[in-house]
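Structure assessment
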Amino acid sequence: GQQVMQIPQYQHVQEGEDFTTYCNSSTTLSNIQWYKQRPGGHPVFLIQLVKSGEVKKQKRLTFQFGEAKKNSSLHITATQTTDVGTYFCNPGSRLTFGEGTQLTVNP
Amino acid sequence: DTAVSQTPKYLVTQMGNDKSIKCEQNLGHDTMYWYKQDSKKFLKIMFSYNNKELIINETVPNRFSPKSPDKAHLNLHINSLELGDSAVYFCASSQGYDYGYTFGSGTRLTVV
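Conventions and cut-offs
- Residues numbered from 1 in each chain as written.
- Chains lettered and ligands numbered in written order.
- Predicted model: local features only at pLDDT ≥ 70, side-chain atom pairs only at ≥ 80, totals over all residues.
- Heavy atoms only, no water.
- Contact = heavy atoms within 4.5 Å.
- Buried area = accessible area lost by both parts, 1.4 Å probe.
- Salt bridge = Lys/Arg side-chain N within 4 Å of Asp/Glu carboxyl O.
- Polar contact = N/O pair within 3.5 Å; in protein donor to acceptor, adjacent residues only side chain to side chain.
- Nonpolar A, V, L, I, M, F, W, Y, C, P; charged D, E, K, R; others polar.
- Disulfide = S-S within 2.5 Å.
- Helix = DSSP H or I, 4+ residues; strand = E, 2+ residues; numbered from the N terminus.
- Buried < 20%, exposed > 50% of the residue type's maximum accessible area, 1.4 Å probe, protein only.
- Pairing = 2+ DSSP bridges.
- Axes fitted to C-alpha atoms, helices over the stretch in contact; angles between N-to-C directions.

So, about the interface of chain B and chain A. Taken residue by residue, the interface counts 19 residues in chain B and 21 residues in chain A. Note on chain B versus chain A: buried area summed over both sides is about 1,600 Å², and carbon and sulfur give 56% of it. Remark: the boundary between chain B and chain A carries 0 salt bridges. Across the chain B-chain A interface, the total number found is 5 residue pairs in polar contact (both at pLDDT 80 or more). Within the side of chain B that touches chain A, the residues separate by chemical class into 11 nonpolar, 5 polar and 3 charged.

Written out as structure tokens, the structure reads:
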């Protein structure tokens, strides 16, 4: 299936700093899903975005879907050590996940 | 009340052996998947199974075969295990391809 590019691959932040991961596609997506995988754990579904320009918030997490439905972002405000893990995007219907962004948070 | 359960959680075996990993979901989902996660954390789709339609990732060796006795189960059988098969294997399910996936806790396979 067609791939999405997810950047950055790694991100190290100090606790309290913000963090953003991006998911980019060369083709229009029907929807996009975001997942979080804690170290040693399994991916857990966070949210799905469907509409052009959609913005959804979950506490300190903000998810956006681009106007052209070709890119998406996940932004975390004031990171905490509990945010550590790998964040994946998954373009709906494609089966193929992005390569993930591994976030580490220094206390 | 585990939604997607995989067994075993850990599997250590010798090269050349045949092994199976079982997966069961109690969510009533129509679609199930097997993913392989390597040491770099990449999640690679191996198979998806929806209403008796099997979609195979063409890069998966034919030593791997999914078996689905019913809608709630999708087992993974691996023949002639190789060192490169060592990875974490995740089963997942969803209502369909455009819905969020629920993952099992994973099976860490080590081939020695």
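Covalent bonding between the sulfur atoms of two cysteines defines a disulfide. By the definition in use, this model includes 2 disulfides over all chains. Covalently, Cys23(A) is tied to Cys89(A) through a disulfide, its sulfur atoms 1.9 Å apart. Looking down the S-S bond of the Cys23(A) and Cys89(A) bridge, the torsion is 65 degrees, so its handedness is right-handed. Here Cys89(A) lies in strand β9 (residues 85-91) and Cys23(A) lies in strand β3 (residues 19-24), a separation of 66 residues in the sequence. Under the relative-accessibility criterion, Cys23(A) is labelled buried at 1%. Through a disulfide, Cys23(B) is tied to Cys91(B); the S-S separation comes to 1.8 Å. In this structure the cystine formed by Cys23(B) and Cys91(B) twists about its S-S bond by roughly -75 degrees; its chirality is therefore left-handed. With a gap of 68 residues between them, Cys23(B) in strand β3 (residues 19-25) and Cys91(B) in strand β9 (residues 87-94) connect regions that are remote in the sequence. Since its relative accessible area comes to 0%, Cys91(B) is described here as buried.

With that settled, consider the pattern of salt bridges. All names here are of chain B. Applying the stated rule across the entire model yields 6 salt bridges over all chains. Arg63 is the salt-bridge partner of Asp85, the closest N and O atoms lying 2.8 Å from each other. Of this pair, Asp85 sits in the loop between β8 (75-78) and β9 while Arg63 sits in the loop between β6 (53-56) and β7 (64-67), and the two are 22 residues apart along the sequence. For the pair Asp85 and Arg63, a shared accessibility class is recorded, and that class is buried.

Right, let's get into the environment of Glu17(A). Residue and element names in this part refer to chain A. Inspection of the secondary structure puts Glu17 in the loop between β2 (10-14) and β3. Classification of Glu17 as partly exposed rests on a relative accessible area of 39%. Put simply, Glu17 and Asn106 are 89 residues apart on the chain and 9.9 Å apart in space, counted from C-alpha to C-alpha. With residues up to four places along the chain from it excluded, the contact list for Glu17 reads Ile76, Ala78 and Thr79.

Another point: the sheet that holds β2(A). Residues and elements named next belong to chain A. Taking strand neighbours across the sheet as the criterion, the 5 strands line up as β2-β10-β9-β4-β5 in an open arrangement whose pairing is mixed. The open sheet terminates on both sides in strands that have one partner only, identified here as β2 and β5 (44-49). When strand polarity is set aside, the average angle formed by the axes of neighbouring strands in this sheet is 20 degrees. The pairing of strand β4 (residues 32-37) with β5 spans 5 bridges and is antiparallel. In the strand pairing of β5, Ile32 is matched with Leu49.

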